[in-house]
Amino acid sequence: MARKKIILFIVEGINDKTCLEGVLEKILDSEEVRFQITEGDITTRLGIDEYKIRNEIGKTVKAFKDKYHLKPEHFLEVVHIIDTDGLFLQEDSVHYADVEDPLYMDDGIYTGKVEEMVERNKRKSAVVERMLELPAVLKTISYSVYYFSSNMDHVLHNQANLSKAEKHDLADSFDEEYADKPEEFIRLMRESVFTVKGTYEETWNFIRLDKNSVRRYSNFGVYLAPYEKCQK
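Residues numbered from 1 in each chain as written. Predicted model: local features only at pLDDT ≥ 70, side-chain atom pairs only at ≥ 80, totals over all residues. Heavy atoms only, no water.

Bringing the layout of surface pockets into the picture now. Each pocket or cavity is described by its volume, and for the largest pocket that value is around 780 Å³. Contributing to the lining of the largest pocket are 24 residues, with Glu12, Asp83, Asn151, Asp153 and Lys167 lying nearest its centre. Elements that contribute at least two residues to the lining of the largest pocket include exactly α1 (14-27), β5 (103-105), α3 (114-131), α4 (152-157) and α5 (164-178). Taken together, the residues of the lining of the largest pocket sort by class into eight nonpolar, six polar and 10 charged. (1 Å grid on protein atoms, 1.4 Å probe; cavity = no way out; pocket = protein on both sides within 12 Å on 5 of 7 lines; lining within 4 Å. Points joined across faces, edges and corners; volume = space filled by probe spheres on them. Helix = DSSP H or I, 4+ residues; strand = E, 2+ residues; numbered from the N terminus. Nonpolar A, V, L, I, M, F, W, Y, C, P; charged D, E, K, R; others polar.)

Structure follows, in structure tokens:
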């Protein structure tokens, strides 16, 4: 029997993995689903810019590959899932507020550090634009990027500003609800109010517009489209 190819999902944290791992294993059962957690937002990591992000992603995949003694030919693809965090907002949509942590709202970001947030968005958007130009990592492994705006909690639970404890509890609840219901998860991602329809390129053009990168949208349904008929 031929060895299953690995689909490696890169996510920011353990709660992202909790939400997606069980149900994706059901949907992609002809392949081996694995996760690599970056422990935070790789697109805003200290020292990372549009010139260094390709190498940083390569290092992330290589660390997984080396840990499990794999070769590039063992991979089918790498799928990178990111939060948009309002990265494409205009400066006038970043508002001052006396808050400790940034608040992501439909009309923009509220923060006590406006200038820092504006600069973060400039750096993050430049990095993400570079990521979208990458067809492959480690030279031969297909690579693509999908977004949850403004973060995965926002899309899946309609709550963008949760505490760590709340994120954890909701991730467990989501896994319990959808892990054994792949067809319902696909329908959720393909037919919800937050679903961005169109091609991969079209969905990325959409999230760049106006305040869309801070509003509740996801293009992950584009990735799931080929598996929709398989679940019916």
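The next subject is the pairing of strand β1 (residues 6-11). Moving residue by residue along a regular strand, the side chains alternate between the two faces of the sheet. Counted residue by residue, β1 has six buried out of six residues, so it is predominantly covered. Here β1 shows two buried faces, one formed by Ile6, Leu8 and Ile10 and the other by Ile7, Phe9 and Val11. Taken together, the six bridges between β1 and strand β2 (residues 32-37) define a ladder with parallel strand orientation. Following the sheet pairing, Ile7 is matched in β2 by Val33. (Buried < 20%, exposed > 50% of the residue type's maximum accessible area, 1.4 Å probe, protein only. Pairing = 2+ DSSP bridges.)

On to the pattern of salt bridges. For the structure on display, the rule yields 15 salt bridges. Put simply, Asp66 and Lys65 hold a salt bridge, and the shortest N to O gap is 3.0 Å. The class of Asp66 is partly exposed, set by a relative accessible area of 35%. With relative accessibility at 13%, the residue Lys65 sits in the buried group. Note that Arg190 is salt-bridged to Glu228, the shortest N-O span being 3.3 Å. Note that Arg190 is positioned in helix α6 (residues 182-191) and Glu228 in the segment after α8 (220-224), a separation of 38 residues in sequence. Overall, the relative accessible area of 15% leaves Glu228 in the buried class. (Salt bridge = Lys/Arg side-chain N within 4 Å of Asp/Glu carboxyl O.)

With that out of the way, let us pick up the packing of α1 against α5. Two numbers describe how α1 lies on α5: the axes approach to 8 Å, and their chain directions differ by 0°. Our classification of the angle between α1 and α5 gives roughly parallel. On α5, the residues touching Asn15, Thr18, Cys19, Gly22 and Val23 of α1 are Lys164, Lys167, His168, Ala171, Asp172, Phe174, Asp175 and Tyr178. A class-by-class count of the residues in the contact of α1 with α5 yields five nonpolar, four polar and four charged. (Axes fitted to C-alpha atoms, helices over the stretch in contact; angles between N-to-C directions. Parallel < 35°, antiparallel > 145°, perpendicular 65-115°, else oblique. Contact = heavy atoms within 4.5 Å.)

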